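Reading the structure
For reference, the chains in residue letters:
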Amino acid sequence: MTSQTGETATGPALAVSVALERDGRYLLVLRANPPAQHMYAFPGGRVDPDEALDAAALRELEEETGLKATNPRPFMTFDLSKDDSREAGRSNFLLTVFVADDPGGTAMALDDAKAVGWYTPEEIRELPVPQSMTTCMDILAQQLQAR
């Protein structure tokens, strides 16, 4: 596996997401498709072959919300076990969460996002979210409070 692009020989599938913060709220999408279908998460998705992780993160954000963020910075990486037995050939995803600069504007539910919204860390804890999302949100919220 390479940490720079979506190219993997035999390792986990690479995925990315973007955490955008605006006035103490974070942008989430309600996923329409697997993985994490019917759950809220940061906008993101799979990395294309030979695509840089940061470029994939910005592409996925724009495809799902219409927002064009800048200055993506890797924040955390999670090794996610695959829950879908239909993809037995892939044992897991390696998800890298980026933080990026908020471009402003109105987010829209596009691509495979059923809905979008801005949520406080407290509200996020009440939503159906993947465990990795809760872990990441807790660390982001701590950093936001420290500012």
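Residues numbered from 1 in each chain as written. Predicted model: local features only at pLDDT ≥ 70, side-chain atom pairs only at ≥ 80, totals over all residues. Heavy atoms only, no water.

Focus: the pairing of strand β7 (residues 92-101)
The criterion, for reference: For every residue, the accessible area (1.4 Å probe, protein chains only) is compared with the maximum for its type, and the residue is labelled buried under 20%, exposed over 50%, or partly exposed between those bounds. Each helix is a run of H or I in the DSSP string that is no shorter than four residues. Each strand is a run of E no shorter than two, and both are numbered from the N terminus. Should DSSP find at least two bridges between two strands, the strands are regarded as paired.
With nine of its ten residues buried, β7 lies for the most part within the structure. Pairing between strand β1 (residues 13-19) and β7: seven bridges, direction parallel. For A19, the partnering residue across the bridge sits in β7 and is V99.

Regarding the confidence of the model for the chain
Low pLDDT marks stretches whose predicted atomic positions should not be read closely. Basically, it comes down to this: Across the chain, each position has a pLDDT score giving the predictor's confidence in that residue, from 0 to 100. Residue contacts are counted whenever heavy atoms from the two residues lie within 4.5 Å of one another.
Residues at a pLDDT of 70 or more form 85% of the chain, whose mean pLDDT is 87. Confidence over residues 83-91 falls short of pLDDT 50; this stretch has eight contacts with residues more than four positions distant or in other chains.

Looking at helix α3 (residues 131-146)
Convention followed: Multiply 1.5 Å by the residue count of a helix minus one, and that product is the helix's expected span. Read the arc as the range of directions from the helix axis to the C-beta atoms.
For α3, built from 16 residues, the straight-helix expectation of 22 Å at 1.5 Å per residue is met to within 8% by its first-to-last C-alpha distance of 23 Å. Turning to α3, its buried residues are S132, M133, C136, M137, L140 and A141. Along the axis of α3, the buried positions cluster into a sector of 155°, meaning they face one direction only. Opposite the buried face of α3, at more than 90 degrees from it, the exposed residues are Q131, Q142, Q145 and A146.

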